Amino acid sequence: MPARAEVPDMLVLPSVLTLEQASGCLAMLLQGLNAQTQPEVIADASALQQFDSSALAVLLACRRACLASGKTLQVRGLSPRLLQLATLYGVASLLGEPG
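Calculation notes
Residues numbered from 1 in each chain as written. Predicted model: local features only at pLDDT ≥ 70, side-chain atom pairs only at ≥ 80, totals over all residues. Heavy atoms only, no water. Helix = DSSP H or I, 4+ residues; strand = E, 2+ residues; numbered from the N terminus. Buried < 20%, exposed > 50% of the residue type's maximum accessible area, 1.4 Å probe, protein only. Contact = heavy atoms within 4.5 Å. Areas by Shrake-Rupley, 256 points an atom, 1.4 Å probe, with all protein chains shown as cover. Axes fitted to C-alpha atoms, helices over the stretch in contact; angles between N-to-C directions. Parallel < 35°, antiparallel > 145°, perpendicular 65-115°, else oblique. Left-handed = near helix turned anticlockwise from the far one by under 90°.

1. A closer look at the overall build of the chain
Check the secondary structure of the chain and you find three helices and five strands. Across the 99 residues of the chain, 38% fall into the buried class. Taking all contacts inside the chain whose residues are at least 6 apart in sequence as the whole, residues at least 24 apart take part in 76%. Summing over all exposed atoms, the chain offers an accessible surface of approximately 5,800 Å²; the carbon and sulfur share of this is 58%.

Given below as structure tokens:
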């Protein structure tokens, strides 16, 4: 039987991530990140529908936590609006998306 390729661990963002949800969401994501075993962590942002700049702050905090534990973070599924906001703030390249 061939060896099974390991799938990178994934963090999933909620559909709503504004200032009101940011601290709770960050705590949840950091808990999930601490349980990750792969060196590359994937954050799935495709569910995000309603957000503000707090979503970027949460993603950047996750990135810092990944780097501190010797891991990398790739954010997938950034909506055009969130990618535009990340580009405006100059952080799109830090999230693993072209900017």
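2. Thoughts on the environment of Cys 62
Topologically, Cys 62 is positioned in helix H2 (residues 53–68). Residue Cys 62 is classed as buried on the basis of its relative accessible area, which comes to 2%. Spatially, the C-alpha atom of Cys 62 lies 9.7 Å from that of Thr 72, the residues being ten residues apart in sequence. Those residues in contact with Cys 62, other than ones at most four positions away along the chain, are Leu 26, Leu 29, Leu 30, Leu 33 and Leu 73.

3. A short note on the packing of helix H1 (residues 19–34) against H2
At their nearest, the axes of H1 and H2 sit 9 Å apart, and the two run at 20 degrees to each other. The orientation of H1 relative to H2 falls into the category roughly parallel. Regarding H1 and H2, the two cross each other, and that crossing is right-handed. Taking contact as the criterion, the partners of Leu 19, Ala 22, Cys 25, Leu 26, Leu 29, Leu 30 and Leu 33 in H1 are, on H2, Ser 54, Val 58, Ala 61, Cys 62, Ala 65 and Cys 66.

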